Amino acid sequence: MKITNARIIVCSPGRNFVTLKIETDEGLTGIGDATLNGRELSVAAYLTEHVIPCLIGRDPHQIEDIWQYLYKGAYWRRGPVTMTAIAAVDTALWDIKAKAAGLPLYQLLGGKSRTGVMVYGHANGSDIEHTVDEVLRYADMGYKAIRAQSGVPGLEKVYGVGKGSLFYEPADADLPSEHDWSTEKYLRHTPKLFERIREKLGEEHHLLHDVHHRLTPIEAGRLGKSLEPYNLFWMEDATPAENQESFRLIRQHTTTPLAVGEIFNSIWDCKELIENQLIDYIRATVVHAGGITHLRRIADLASLYQVRTGCHGATDLSPVCMGAALHFDLSVPNFGVQEYMRHTDETDAVFPHAYTFDKGMMYPGDVPGHGVEIDEALAAKYPYKRAYLPVNRQQHDGTLWSW
Ligand SMILES: O=C(O)C(=O)C[C@H](O)[C@H](O)CO
Ligand SMILES: [Mg+2]
């Protein structure tokens, strides 16, 4: 088999998505997600200008060799743009290989390691009582694991708290909108939120929380310790992770499990975190961490240290990434949980898919490939619209902070 053509489809059915489609001389096609929120066109250009010309004429079955060729061959290694572009190629090639074999992708990854994929949903509220109601609503929908984020008194906008009830969309403006931040207000509020949730919900469900890189390590230790009575499944992105060693300080102060890695793009970003057992869950995902091929390598390293996977699955990752992630989740031995932030009906219509949700679990389906397609005619009706993530500033003096 030979790759005869590859092209990029950029569309915005409610939000921007970049999709790579690879075509072959045998009529089989494969697609991969290439969406990098707020920087979409840089990946589209990287693929069109620098990657696609290198793919034409190659055998799509040689997934590992093509991965190495794109990674080592560029000379310039890693980084979100490069690794998202490689991920898109890798995902499309796995899709083609599985279609050629007539098998769902998880069969090529070793088959099922479990009956289904536990996912967590997002309960967001403007205050504690509103968040509690949302958590209970998610429990009623069947979710076994629920992430809770709440507005903080005295802060106008807080990460994770959107306007809609099922669809949270932070990339909300043509230029970055500005939020304000107060660590003390947040640290006072968050333990009260989880105390109230456990009071109303009981102990059966898993609860998760995303700090979104806003605390210093010692502040994160303080928060983790104060949340211990509420038995969280994880506390996510407690502090920025460029300095992997900084998680040691958090670990010294709390037994609340730690998750990190949605912005990681290679095994090198999490090597020390994993080898030193400074985290419990690794959140790297298909689209931003070099595709199925590289994510399996990360998961294998993690498995040596009993670190489990918890792939990122926000709405800015397209259904193509979601489909591929579910095949990975179903097969990987050290699976933990999969994030599932629902897409809008418009997005689902552009990306028809085989995956399903039932009682808090997801199933990738059994059609050959990863089970997600793109309706190009429909996609063409939704042109790209620039949209950026917000920035955060300290409330008391305007210092730029992590968002
Ligand atoms: O889903 C999460 O845990 C997030 O933190 C979502 C991110 O803010 C979002 O994917 C940024 O593009
Ligand atoms: Mg997150």
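Each value, and the rule that gives it
Counting of residues starts from 1 at the beginning of each chain's written sequence and follows it residue by residue. Following the order in which they are written, the chains are lettered starting with A and the ligands numbered starting with 1. Given that the model is predicted, a residue must reach a pLDDT of at least 70 before its local features are reported, and side-chain atom pairs must reach 80 or more before they are shown or counted; all residues, however, enter totals for whole chains, interfaces and linings. To get the side-chain values, take all heavy atoms of the structure and skip hydrogens and water. Two strands form a pair only when DSSP identifies at least two bridges running between them. The numbering of helices and of strands both runs from the N terminus, where a helix is a DSSP run of H or I of at least 4 residues and a strand a run of E of at least 2. Helix axes are fitted to C-alpha atoms over the stretch in contact, other axes to C-alpha atoms as well, and angles between N-to-C directions run from 0 to 180 degrees. Contacts are assigned to residue pairs that have any heavy atoms within 4.5 Å of one another. Note: domain ranges come from an automatic or database domain assignment. Buried area counts how much accessible surface, traced with a 1.4 Å probe, disappears from two parts once they are put together, with both parts' losses summed. Salt bridge criterion: a side-chain nitrogen from Lys or Arg within 4 Å of a carboxyl oxygen from Asp or Glu. In protein, a polar contact requires one atom able to donate a hydrogen and another able to accept it; more generally it is a pair of N or O atoms within 3.5 Å, and residues adjacent in sequence count only if both atoms are side-chain atoms. The nonpolar class holds Ala, Val, Leu, Ile, Met, Phe, Trp, Tyr, Cys and Pro. Asp, Glu, Lys and Arg form the charged class, and all remaining residues, Gly among them, are polar.

S.K.: With reference to specific residues and values, describe the sheet that holds strand β1 (residues 3–11).
M.R.: With antiparallel pairing, the three strands of this open sheet are ordered in space as β1-β2-β3. The open sheet has two free edges, formed respectively by β1 and β3 (29–33), since each of these has just one partner strand. Neighbour-to-neighbour, the strand axes of this sheet turn through a mean angle of 20°, independent of strand direction. Bridging between β1 and strand β2 (residues 17–24) involves eight bridges; their strand directions are antiparallel. Bridge pairing in β2 links V10 to V18. On the sheet, helix α1 (residues 40–55) packs against β1 and β2 and is oriented at approximately 175° with respect to β1.

S.K.: How would you explain the domain arrangement of the protein if you had to name every residue and give the values?
M.R.: Along its sequence, the protein is organised into domain 1 (3–104) and domain 2 (108–367). Using only C-alpha atoms to locate each centre, domain 1 and domain 2 end up separated by 26 Å. Facing 33 residues of domain 1, the contacting portion of domain 2 comprises 35 residues. In total, about 2,600 Å² of surface goes out of reach between domain 1 and domain 2, with carbon and sulfur atoms giving 61% of it. When the buried surface of domain 1 facing domain 2 is broken down by residue, D33, W94 and P104 rank first, second and third, together holding 23% of it. Put simply, domain 1 and domain 2 have three salt bridges between them. With a closest N to O distance of 2.8 Å, R15 and E169 form a salt bridge. The tally of links between domain 1 and domain 2 comes to 13 residue pairs in polar contact (both at pLDDT 80 or more). Among the secondary structure elements, those contributing two or more residues to the side of domain 1 that touches domain 2 are β2, β3, α2 (63–73) and α3 (80–101). With 11 residues, α3 is the single largest residue contributor to the side of domain 1 that touches domain 2. Taken together, the residues that form the side of domain 1 that touches domain 2 break down as 18 nonpolar, nine polar and six charged.

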